[in-house]
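One letter stands for each residue in the lines below.
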Number of protein chains: 2
Amino acid sequence: MTLEPQSAANQSEVVKKATLAKQAAPRLAALTTEQKNRALQIMADALITETPSIIRANGEDLQRGKDNGISQSLLDRLALNEQRVSAMAEGLRQVVELPDPIGDTLEEFTRPNELHIRKVRVPLGVIGMIYEARPNVTVDAAGLCLKTGNAVVLRGGSSALSSNTRIVEVLHDALSRSEVPVDAIQLITDPDRASVDEMLKLNGLLDVLIPRGGHSLIQNVVRNASVPVIETGAGICHTYIDESAVYEMALQIAINAKVQRPSVCNSMETLLLHDSFAARYLPSLADQFSGLYVELRGCPKARQFVPVIKEATAEDWDTEYNDYILNVRIVDSLDEALAHIRQHSTMHSECIVTEDAVHAARFLQEVDAAAVYHNASTRFTDGFEFGFGAEIGISTQKLHARGPMGLPALTSTKYCVSGNGQIRT
Amino acid sequence: MTLEPQSAANQSEVVKKATLAKQAAPRLAALTTEQKNRALQIMADALITETPSIIRANGEDLQRGKDNGISQSLLDRLALNEQRVSAMAEGLRQVVELPDPIGDTLEEFTRPNELHIRKVRVPLGVIGMIYEARPNVTVDAAGLCLKTGNAVVLRGGSSALSSNTRIVEVLHDALSRSEVPVDAIQLITDPDRASVDEMLKLNGLLDVLIPRGGHSLIQNVVRNASVPVIETGAGICHTYIDESAVYEMALQIAINAKVQRPSVCNSMETLLLHDSFAARYLPSLADQFSGLYVELRGCPKARQFVPVIKEATAEDWDTEYNDYILNVRIVDSLDEALAHIRQHSTMHSECIVTEDAVHAARFLQEVDAAAVYHNASTRFTDGFEFGFGAEIGISTQKLHARGPMGLPALTSTKYCVSGNGQIRT
């Protein structure tokens, strides 16, 4: 697809940088694994060497953030120190160790007319990343995209602009000492939201958009982009404790799913309890959660068992709290649990705790989610926990990639067809 | 995701029918291959039995089309006869023979903590098909979606409304005599374009949209949908004849790529000729094409070799003619050919004709297209020619599926995780 001609002087930063990325893409696709790994090593070394200047730039962001009165949790996510920069460098070194999927032959066959067809993995091309304040996403995304031969256009939150600018300067300098074109990594520095809107419509220059961040950021991209999107994130995850569950296992799984890290997408928001299990154990379960400072909101029946439970509103069942709050609903059957999940799930991660093999099999088969668990915490939905060695995000859509996305999620394929003069009749 | 509550009375046809489809989806996902195949057989039989009533309904469309003065080629595509209805039934029987991808285990591994993880193929859920006047797409899409356990919401061109309505009545009646829920197949009968616009934004009810038809239909969907889209179709395909090509092979491939069926997306629009090859053979090639009633439009150099060639405008190089017109450009190197393709290709199908193995390898590696050919006609980009036994379309995007799409392109995956009480630490 050819874009409208536009004189360079009139081009926005987004178009200019996306064009540079697109021009670099064919050269990136042709790099060997060794060339890419050497560049990743140089990038990692450069981050370590330049730690002081990166922390200095981060200090500007933190000061501006404080002046603008942004929240403490946002400041925490934004803040870099020696340890965090070192972790970013270490992340790049881990990407070096991962197998390079590019060039892999996925299928190969010869047709009766002797056409030889090979389906091979190729880069997606140019990936647009839209994210929030965490500067480590800048390095993660740059490393994963480079390893998969993709160019990347980064648009991080404006609150991290100084940090991101310095980090990308450091990475560019590193690339200039490698065989990878410097244009492989582009950072959009225009803090205006219009630059995001522009990226959403950049068909022909961007091959895919990956939004990472909160609900409103992701929904803005999903709702308004004409560039293909990989939707990540939102998780209203349920744990269903079946009649036959072992109490101690159910308790540990439920507590882990809720409080091990409540702020993340694979944590539990709603606990579904079978009636007879609830009759025996809900008071004890509720005590445990209260002891962990978890506020419980429940259905009328749950409140009959444990009157201190607050009443859950209709909205609560559809809310991703990412906080120390938990909905509790009593159901009288597996079917009722499945129906609740069907209605309220964001299809991220869902769990059944049961000793009943038939119920477990039905749950795994019938629940439509990226990851469905039997007798394990939903917190395991994660690229590292799945053994992928990296994670660009967790896809909650059904196209292309679903669940934790490792390197293959950043690739496409093409058919290479070799003949000896075949024509179609 | 929960949709805004809306009283049934106020719901549009699109929302009503998409809701029915979504409610049917879990039951469809649980069907056995045998249940689906039996339904497909009953559907095929019903089409044969009901051929007269289908042709009668088609007659109404044809009459209305003539009254409205639609083009002869559109009338041709719309028209059904006994043979065409029989071909639709035969298509369903062929789908019966295809392996069912649903339930396949794609990966299976056990983590060090003993979590057992299985990646299995599942249906996408509800597929929205937006297409034009050809009633056979109604049957094709219904059959392929059913075999893959998906519900489908069909929105065909209004010019085929009577045909599609009768066909779907016949298919519904067939399903009512099977174990497949009748709601698996939904037809939108509202001829207003607003019903298409509504489908584009139906996140939460539709899992994917597949547009099939001309450029403007597809671009409307790509540009305006918030539901994930599989882009199909547009093909500005090139054939590059290298210096070392064998004339007779190059001639046959070029003729086949242009005239075997000019109206389709994998036919050639532009012929690139190496300078020295052109010097020897362009006059003869041009004669051959003229003899086949192909109008040639060329670059200045081509017109020096063959003065009767018309001058190609800047726009011509970016036009999918789907007609007996061919652009001809002389290039002085493989690099110039690659640069032209990079600039003008829609990344559908591209071909090099050469005896030079190094040039062939470079072309296959460097050209970024769904299918890249060495010494064979681009016309082979087709699900049947690739041996997939079916084709829902040819994807020209890089996400999810690229190139001819067989049954696996209509599936997603999920991770089934089995544990014995694992929690994350």
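Residues numbered from 1 in each chain as written. Chains lettered and ligands numbered in written order. Predicted model: local features only at pLDDT ≥ 70, side-chain atom pairs only at ≥ 80, totals over all residues. Heavy atoms only, no water.

Chain A appears in an unreviewed UniProt entry as Gamma-glutamyl phosphate reductase from Paenibacillus xerothermodurans. A UniProt comment under Pathway (unreviewed entry) is attached to chain A, and it reads "Amino-acid biosynthesis; L-proline biosynthesis; L-glutamate 5-semialdehyde from L-glutamate: step 2/2." (UniProt positions renumbered as here; feature names shortened; annotations may be inferred.)

A. Local environment of the overall build of chain A. Across its full length, chain A holds 14 helices and 16 strands. Computed over the C-alpha atoms, the radius of gyration of chain A is 24 Å, within 12% of the 22 Å expected from 2.2 N^0.38 for a compact globule of 425 residues. Overall, chain A is about 70 × 70 × 40 Å in size when its C-alpha atoms are taken along their principal axes. Burial status across chain A gives 57% buried among its 425 residues. Across chain A, contacts joining residues at least 24 apart in sequence account for 72% of those joining residues at least 6 apart. (Helix = DSSP H or I, 4+ residues; strand = E, 2+ residues; numbered from the N terminus. Rg over C-alpha atoms; globule rule 2.2 N^0.38 Å. Buried < 20%, exposed > 50% of the residue type's maximum accessible area, 1.4 Å probe, protein only. Contact = heavy atoms within 4.5 Å.)

B. Examining the interface of chain B and chain A more closely. Taken together, the contacts link 78 residues of chain B with 79 residues of chain A. Roughly 6,200 Å² of surface becomes buried between chain B and chain A when both sides are summed, with 51% attributable to carbon and sulfur atoms. On the surface where chain B and chain A come into contact, there are 6 salt bridges. Salt-bridge contacts for B:Arg424 lead to A:Glu385; the nearest nitrogen and oxygen are separated by 3.3 Å. Applying the counting rule to chain B against chain A returns 38 residue pairs in polar contact (both at pLDDT 80 or more). Sort the elements by how many residues they give to the side of chain B that touches chain A and strand β16 (residues 411-422) of chain B lands first, with 11 residues. (Buried area = accessible area lost by both parts, 1.4 Å probe. Salt bridge = Lys/Arg side-chain N within 4 Å of Asp/Glu carboxyl O. Polar contact = N/O pair within 3.5 Å; in protein donor to acceptor, adjacent residues only side chain to side chain.)

C. Geometry of the sheet that holds strand β16 (residues 411-422) of chain A. Spatially, 10 strands are ordered β1(A)-β2(A)-β16(A)-β13(B)-β12(B)-β7(B)-β8(B)-β11(B)-β9(B)-β10(B) in an open sheet, and the strand pairing comes out mixed. Looking along the sheet, the strands with just one partner apiece sit at the ends: β1 (105-110) of chain A together with β10 (310-311) of chain B. Judged from the 5 bridges that link them, β16(A) and strand β13 (residues 371-376) of chain B form a sheet pairing that is parallel. The partner of A:Gln422 across the bridge, within β13(B), is B:Ala376. Contacting β16 of chain A together with β7 (237-241), β8 (268-274), β11 (325-331), β12 (349-353) and β13 of chain B, helix α10 (residues 247-259) of chain B runs over the sheet at an angle of about 160° to β8(B). (Pairing = 2+ DSSP bridges. Axes fitted to C-alpha atoms, helices over the stretch in contact; angles between N-to-C directions.)

D. Broad picture of the packing of aromatic side chains. Using the criterion set out here, one finds 14 aromatic pairs over all chains in the structure. Look at B:Phe277 and B:Tyr281: their rings are 4.7 Å apart centre to centre, the planes differ by 50°, and that puts the pair in the tilted class. In this pair, B:Phe277 and B:Tyr281 both sit in helix α11 (residues 275-291), 4 residues apart, roughly one turn of the helix. Three or more aromatic residues joined by ring pairs make a cluster, and in this case those are A:Phe109, A:Tyr415, B:Phe386 and B:Phe388. (Phe/Tyr/Trp six-rings, centres within 6.5 Å; stacked < 30°, edge-to-face > 60°.)

E. View of unusual backbone geometry. Its identity as a non-glycine residue notwithstanding, A:Tyr293 has a phi of 65°, on the positive side. By the element assignment, A:Tyr293 lies in the loop between α11 (275-291) and β9 (295-298). Despite not being glycine, B:His400 shows a phi value in the positive range, around 70°. Within the secondary structure layout, B:His400 lies in the loop between β14 (393-395) and β15 (403-405). Relative accessible area serves as the criterion here: at 21%, B:His400 is assigned to the partly exposed category.

F. Looking closely at helix α13 (residues 334-344) of chain B. Residues and elements named next belong to chain B. Those residues of α13 that fall on the buried side of the exposure criterion are Leu-334, Ala-337, Leu-338, His-340, Ile-341 and His-344. Down the axis of α13, the buried side of the element spans an arc of 160°, and every buried residue falls inside it. Turning to α13, the residues buried within the fold contact β7, β8, β11, β12 and α14 (357-366). (Arc of directions from axis to C-beta.)

G. Quick look at a positive patch on the surface. On the surface, a cluster of positive charge is made up of A:Arg77, A:Arg84, A:Arg134 and A:Arg261. Topologically, A:Arg261 is positioned in the loop between α10 (247-259) and β8 (268-274). (Patch = residues over 30% accessible without salt bridge, like charges linked within 9 Å, V, L, I, M, F, W, Y side chains within 5 Å. Areas by Shrake-Rupley, 256 points an atom, 1.4 Å probe, with all protein chains shown as cover. Lys, Arg positive; Asp, Glu negative; His and termini not counted. Charge placed at Lys NZ, Arg CZ, Asp CG, Glu CD.)

H. Highlighting the sheet that holds strand β5 (residues 185-187) of chain B. All names here are of chain B. As summarised here, the arrangement of the 4 strands in space is β5-β4-β3-β6, forming an open sheet in which the pairing is parallel. A single partner strand is all that each edge strand has here, and the edge strands are β5 and β6 (208-211). Between one strand axis and the next, the sheet turns through 20° on average, direction left out of account. As judged from the 5 bridges shared by strand β3 (residues 126-130) and strand β4 (residues 151-155), these two strands associate in the parallel manner. Residue pairing for β4: Val-126 is matched across the bridge by Ala-151. Contacts from helix α6 (residues 136-147) reach β3, β4 and β5, with the element oriented near 165° to β4. Helix-sheet contacts for helix α9 (residues 215-224) involve β3 and β6, and the interaxial angle to β6 is about 160°.

I. Here's a closer look at the relation of the copies chain B and chain A. You can overlay chain B on chain A at an RMSD of 0.0 Å; the transform is a turn of 180° with a shift of 0.0 Å along its axis. Taken together, the turn and the small shift mark the pair as related by a two-fold rotation axis. Residue B:His400, judged by its C-alpha, is the member of chain B lying nearest the rotation axis, at 1.8 Å. Most of the interface of chain B is mirrored in chain A: 100% of its interface residues are interface residues there too. (Least-squares fit on C-alpha atoms with pLDDT ≥ 70 in both.)

J. Local environment of the pairing of strand β3 (residues 126-131) of chain A. Residues and elements named next belong to chain A. Most of β3 is tucked away, with 6 of its 6 residues classed as buried. Burial of the side chains of β3 extends over both faces: Val-126, Gly-128 and Ile-130 are buried on one face and Ile-127, Met-129 and Tyr-131 on the other. In this fold, β3 hands off to helix α6 (residues 136-147), which returns the chain to strand β4 (residues 151-155); that crossover is right-handed. Where β3 lies against strand β6 (residues 208-212), 5 bridges are found, and the strand directions are parallel. Bridge pairing in β6 places Met-129 opposite Ile-210. (Right-handed = clockwise from strand over helix to strand, strands pointing away.)

K. Local environment of the nonpolar core. Counting 77 residues, the largest nonpolar core has B:Met43, B:Leu47, B:Met129, B:Leu154, B:Ile185, B:Leu206 and B:Leu209 as the members making the most contacts within it. Every residue in contact with B:Leu154, bar those within four places of it in the chain, is listed here: B:Met129, B:Tyr131, B:Thr138, B:Ala141, B:Val168, B:Ile185, B:Gln186, B:Leu187 and B:Ile188. (Core = buried A, V, L, I, M, F, W, Y, C linked by side-chain atoms within 4.5 Å.)

L. Local environment of the pattern of salt bridges. The tally for this structure, following the rule as stated, stands at 46 salt bridges over all chains. Measuring nitrogen to oxygen at the nearest pair gives 3.1 Å for the salt bridge that ties B:Lys301 to B:Asp275. Of this pair, B:Lys301 sits in helix α12 (residues 300-305) while B:Asp275 sits in helix α11, placing them 26 residues apart in sequence. Taken together, the shared-partner salt bridges in this structure form one network comprising A:Asp207, B:Asp368, B:Lys398 and B:Arg402.

M. Spotlight on the environment of B:Glu320. Residues and elements named next belong to chain B. Mapping Glu-320 onto the fold places it in the loop between β10 and β11. The exposure class assigned to Glu-320 is partly exposed, which follows from its relative accessible area of 25%. Through-space distance from the C-alpha of Glu-320 to that of Arg-193 is 25 Å; in sequence the pair is 127 residues apart. Within the structure, the side chain of Glu-320 is placed 3.1 Å from the backbone nitrogen of Gly-235, a separation counted as a polar contact.

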